[in-house]
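Topology and contacts: notes
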Amino acid sequence: MSYRGRIAPTPSGYLHAGHIATFGIAHRRARERGGQVVLRIEDLDPQRCRAEFVEAALVDFRYFGFDWDEGPDVGGPHAPYFQSQRTEWYREVFERLQAGGHLFPCVCTRRDLRMLANAPHAGEEEPVYPGTCRARKISGAADEVAWRFRVPDGREVSFVDRALGECRFVAGRDFGDFPVWRRDGVPAYQLAVVADDHAMGITEVVRGEDLLLSTARQILLYEALGWEPPEFYHCPLLCDESGARLSKRDGAARASKQQGLRSVASS
Ligand code: GLU
């Protein structure tokens, strides 16, 4: 099978050097293998994503020489590449998980609803869910509750990461039942990313190390859906001088201002 990678920015802010470094590795790994690059805009969250950040990301990508074979401006068989336009597909996947008995409605999702559509980066992980709604009888319209995936407690989820080697996590200990659908009808990151990586035929997912736990969650989703997971390559995170991970607030990668970043992208 030929290599298919993806670059999947969330347009909720300007890209910083850490994004550029990760996307640079994703792009290079695809091109070195004669593979294809899919550009997918992960704009699920209507409250936080903005068209101007999409535009800015495309400008940055062009500046750093990241080209793509499918995605905005190019089209291709898997269009649309804006997650906000793919809800029908996510709903289909949601219904499949629901029919398989993997989901339960949850009214005690304390975590800020708005966050669920975004990948939980370093410091954004929710505490392990104690299972409060697992056995609750919940009445009320289906669209007034959030939906969680029930994880098999005590199950070891292991995978061989192409950068880090063997990784092992235990469901119910390292992470708990996780949300797949927001109360307001917006799919959660974990579901959308699996649905898309599968539909778009991605063979290797390249992303930051802080998403390792999400990979473990996603492997359980692949299993529940009867799909083969892609390979994974988790990159080290870039930190600032104080050792803190760069965040969107550092929005420092604007190509026009930060010429030196070209070396980050190609290192
Ligand atoms: N859109 C996600 C992010 O920006 C991508 C995470 C992933 O690669 O799965 O963090």
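For the structure itself, consult the block above.
Quantities reported herein were computed from a predicted structural model and do not represent experimental measurements.

**Remarks on helix 5 (residues 212-225)**
Compared with the 20 Å implied by 1.5 Å per residue over 14 residues, the 20 Å span of helix 5 between its first and last C-alpha is a close match. Among the residues making up helix 5, those that are buried are L212, L213, S214, T215, A216, R217, Q218, I219, L220, L221, Y222 and L225. Two residues or fewer after helix 5 comes G226, characterised by a positive phi angle close to 75°.

**Concerning the packing of helix 4 (residues 189-199) against helix 5**
Helix-helix packing: each pair is described by the crossing angle between the helix axes and the interaxial distance. Running from N to C, helix 4 and helix 5 point in directions that differ by 60°, and their axes come no closer than 10 Å. When the axis of helix 4 is compared with that of helix 5, the two are oblique. Between helix 4 and helix 5 lies a crossing of right-handed hand. Along its contact with helix 4, which presents Y189, Q190, L191, V193, V194, D197 and H198, the element helix 5 presents S214, R217, Q218, L221, Y222 and L225. Residue composition of the contact of helix 4 with helix 5, grouped by class: seven nonpolar, four polar and two charged.

**Observations concerning the packing of aromatic side chains**
Inspection of the entire model under this criterion finds 13 aromatic pairs. Ring centres of F23 and F61 lie 5.5 Å apart, and the angle between their planes is 85°; this geometry places the pair in the edge-to-face category. With F23 in helix 1 (residues 17-32) and F61 in helix 2 (residues 51-63), this pair connects stretches of sequence that are 38 residues apart. In terms of burial, F23 and F61 fall into one category: buried. Relative to F66, the ring of F61 has its centre 5.9 Å away and its plane inclined at 40°; by these criteria the two rings are tilted. Overall, the relative accessible area of 1% leaves F61 in the buried class. A relative accessible area of 4% places F66 in the buried class. For R148, the ring lying beneath its charged end belongs to Y129, and the centroid distance is 3.9 Å.

**Quick word on unusual backbone geometry**
Omega for the peptide link from A79 to P80 comes to 5°, which places this bond in the cis form. Among the structural elements, P80 can be located in the loop between helix 2 and helix 3 (87-99). At D73, a residue that is not glycine, the phi angle is positive and equals roughly 80°. Along the chain, D73 turns up in the loop between helix 2 and helix 3.

**Here's the deal with the site of the ligand**
All residues adjacent to the ligand are R6, A8, T10, E42, A119, H121, Y189, V193, R207 and L211. Contact distances for the ligand include 2.7 Å between a nitrogen atom and a backbone N or O atom of A8. Contacts to the ligand include H121, whose side-chain N or O atom sits 2.5 Å from an oxygen atom. When the ligand is considered free in solution it has 290 Å² of accessible area, and contact with the protein chains removes 93% of it. Of the residues that constitute the shell around the ligand, the class distribution is five nonpolar, two polar and three charged.

**Side note on the pattern of salt bridges**
Evaluation of the coordinates by the stated rule reveals 26 salt bridges. Ionic pairing is found between E42 and R40, a salt bridge with its closest N-O pair at 2.9 Å. As far as the burial class goes, E42 and R40 line up, both buried. As a salt-bridge pair, R168 and E156 come within 2.4 Å of each other at their nearest N and O atoms. With a gap of 12 residues between them, R168 in strand 6 (residues 165-170) and E156 in strand 5 (residues 156-161) connect regions that are remote in the sequence. What you see here is one network of salt bridges that share partners, running through R6, R40, E42, R86, D196 and D197.

Criteria and cut-off values
Residues take numbers from 1 onward in each chain, read along the sequence in its written order. Local features in a predicted model are, by the rule used here, given only for residues with pLDDT of at least 70; side-chain atom pairs are given and counted only at 80 or more, and totals for whole chains, interfaces and linings are based on all residues. In computing side-chain values, all of the structure's heavy atoms are included and hydrogens and water are not. Labels follow the DSSP assignment, with helices taken as runs of H or I lasting at least four residues and strands as runs of E lasting at least two, numbered in each case from the N terminus. Multiplying one less than the number of residues by 1.5 Å gives the expected span of a helix. Buried residues are those whose accessible area, probed at 1.4 Å on protein chains only, stays under 20% of the maximum for their type, while exposed residues exceed 50% and partly exposed ones sit between those limits. Helix axes are fitted only over the stretch in contact, all axes being lines through C-alpha atoms; the angle between N-to-C directions runs from 0 to 180 degrees. Orientation is classified from the angle alone, with under 35 degrees giving roughly parallel, over 145 giving roughly antiparallel, 65 to 115 giving roughly perpendicular, and any other angle giving oblique. Left-handed describes a crossing in which the near helix is turned anticlockwise from the far one by less than a right angle; the clockwise case is right-handed. The criterion used for residue contact is that any of the two residues' heavy atoms lie within 4.5 Å. Residues are grouped as follows: Ala, Val, Leu, Ile, Met, Phe, Trp, Tyr, Cys and Pro are nonpolar; Asp, Glu, Lys and Arg are charged; every other residue, Gly included, is polar. To pair, rings of Phe, Tyr and Trp, with the six-membered ring standing in for Trp, must have centres within 6.5 Å; the planes then decide the type, stacked if under 30 degrees apart, edge-to-face if over 60, and tilted in the middle. A positively charged side chain is recorded as over a ring if its NZ (Lys) or CZ (Arg) lies within 6 Å of the ring centre. The angle to the ring normal must also be within 35 degrees. Any residue with a heavy atom positioned within 4 Å of a molecule or strand is treated as near that molecule or strand. Nitrogen and oxygen atoms within 3.5 Å of one another constitute a polar contact, given that in protein one can donate a hydrogen and the other can accept it, and given that sequence-neighbouring residues count only through two side-chain atoms. Note that accessible areas follow from Shrake-Rupley with a 1.4 Å probe, and for residues the cover is restricted to the protein chains shown. When a carboxyl oxygen of Asp or Glu lies within 4 Å of a side-chain nitrogen of Lys or Arg, that pair is called a salt bridge.

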